[in-house]
Amino acid sequence: MKLAIAIASEKAEHSAFVVWRGFGPAIEKAKRAGFQGVELALRSEREFESEGLAEILQRNKMSVSCVSTGQVFAADGLYFTHEDPAVRKRTVEIFQGLIRVAGRLGAMVNIGRARGLLTPERTREETEALFLDSLSQLIPEMERCHVDVVIEPVNRYEINYLNNTDEVCALLRKLHHPRFGVMPDVFHMNIEDDDICESLKRNREYIKYVHLADSNRYYPGRGHLNFEKILGTLRTVGYQGWCAVEILPDPDPDTAAFSAAEALLPFFSAE
Ligand code: LER
Ligand code: MN
């Protein structure tokens, strides 16, 4: 397993749950703190170019674990199950661009809130059909660029569709394509799943990426999650991928990120 930290542009919305904003300084600090990679919160392929990210990453010899897409939803209002077909098409196009970026970086792409919402106008089955149709339109670009796409269960206070790991894995069984997977975030799991470790075991074949934060979304050690047990379970089920720290910048960004590294790196350095 390898440890990354989620970072964003200095222009990112408040709802990007990252400690560091501003890609250049964040990548330098991530390196200094001992993280093995960074997760980039991006709005579009164009943002990757305009931020000069390829050069910054190369200069710092930093890997990218994942391109995360919460800003596509939060800043641009785009999502895969939107009632307007033009918005759904634009969402697919934006994700195709982000898949190309991820392909250049050897990273994956996540889908969090960009899945969209359940609304009174549509049944759950109708929403699911829209989501499956949008996802299937990503497959050619995923195959061409050799990129996996992971769907993140997100708790009910942020979105009303696909809240726990079992629900996402049931959808993955319907999608039935090896480049899709689930991305459990232990903060959301603590709210929605019956038992974090049992759920990780039960859904192990679909896990391609993991988000780490304590129960209160602060750095590990400030809440009540048992990271030794959670990371031990991931290791026991044979998980060898990335875990990324996605926490609130409290009491300040540097303290949060360096404390997370201090708490978690001992579990990762043994490999
Ligand atoms: C994103 O990774 C996440 O965990 C969500 O809570 C963002 O809304
Ligand atoms: Mn997350």
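As shown above, the structure is provided for reference.
Residues numbered from 1 in each chain as written. Chains lettered and ligands numbered in written order. Predicted model: local features only at pLDDT ≥ 70, side-chain atom pairs only at ≥ 80, totals over all residues. Heavy atoms only, no water.

Q: Break down the coordination of the manganese ion (ligand 2) for me, with residues and values.
A: Around the manganese ion (ligand 2), the protein supplies Glu 152 (OE), Asp 185 (OD), His 211 (ND1) and Glu 246 (OE) as donor atoms, at distances of 2.0 to 2.2 Å. Considering all six donor atoms around the manganese ion (ligand 2), the spread of angles at the metal, 71 to 173°, places the coordination shape in the octahedral class. The sequence pattern describing where the donors of the manganese ion (ligand 2) fall on their chain is E-x32-D-x25-H-x34-E. In this pair, Asp 185 sits in the loop between β7 (180–182) and α8 (186–192) while His 211 sits in strand β8 (residues 210–212), placing the two residues 26 residues apart along the sequence. (Donors = N, O, S within 2.8 Å, 3.2 Å for Na, K, Ca; no water. Tetrahedral: all angles 85-135°; square planar, octahedral: opposite > 155°, others 65-115°. Helix = DSSP H or I, 4+ residues; strand = E, 2+ residues; numbered from the N terminus.)

Q: Before we move on, could you go through the site of ligand 1 and cite the residues and values that matter?
A: By nearness alone, every residue bordering ligand 1 is listed as Phe 17, Arg 113, Glu 152, Glu 158, Asp 185, His 188, His 211, Arg 217 and Glu 246. Here an oxygen atom of ligand 1 and a side-chain polar atom of Asp 185 are 3.1 Å apart. In the environment of ligand 1, an oxygen atom lies 2.7 Å from a nitrogen or oxygen atom belonging to the side chain of His 188. With the chains in place, 92% of the 260 Å² that ligand 1 exposes on its own is no longer accessible. The residue makeup of the shell around ligand 1, split by class, is one nonpolar, two polar and six charged. (Near = heavy atom within 4 Å. Polar contact = N/O pair within 3.5 Å; in protein donor to acceptor, adjacent residues only side chain to side chain. Areas by Shrake-Rupley, 256 points an atom, 1.4 Å probe, with all protein chains shown as cover. Nonpolar A, V, L, I, M, F, W, Y, C, P; charged D, E, K, R; others polar.)

Q: Break down the environment of Ile 99 for me, with residues and values.
A: Along the chain, Ile 99 falls in helix α5 (residues 85–105). Linking Ile 99 and Glu 13, residues 86 residues apart in sequence, is a C-alpha distance of 22 Å. Among residues more than four places away in sequence, those in contact with Ile 99 are Val 109, Leu 138, Glu 141, Met 142, Cys 145, Val 147 and Val 149. (Contact = heavy atoms within 4.5 Å.)

Q: Which residues make up helix α3 (residues 53–60), and what values do they have?
A: Residues of α3 that are buried include every one of Leu 53, Ile 56, Leu 57 and Asn 60, and no others. For α3, the buried positions fall inside an angular range of 95° around the axis, keeping them on one side. On its buried face, α3 sits against α1 (23–33), β3 (37–41), α2 (45–50), β4 (63–68) and α5. Directly after α3, the chain includes Lys 61, whose backbone phi takes a positive value near 50°. (Buried < 20%, exposed > 50% of the residue type's maximum accessible area, 1.4 Å probe, protein only. Arc of directions from axis to C-beta.)

Q: Which residues make up the pattern of salt bridges, and what are the values?
A: According to the stated counting rule, one finds 23 salt bridges in the structure shown. Note that Glu 128 is salt-bridged to Lys 174, the shortest N-O span being 2.8 Å. On the criterion of sequence distance, the pair formed by Glu 128 in helix α6 (residues 124–145) and Lys 174 in helix α7 (residues 165–175) is long-range, its members being 46 residues apart. Connected via shared salt-bridge partners are Glu 45, Arg 100, Glu 141 and Arg 144. (Salt bridge = Lys/Arg side-chain N within 4 Å of Asp/Glu carboxyl O.)

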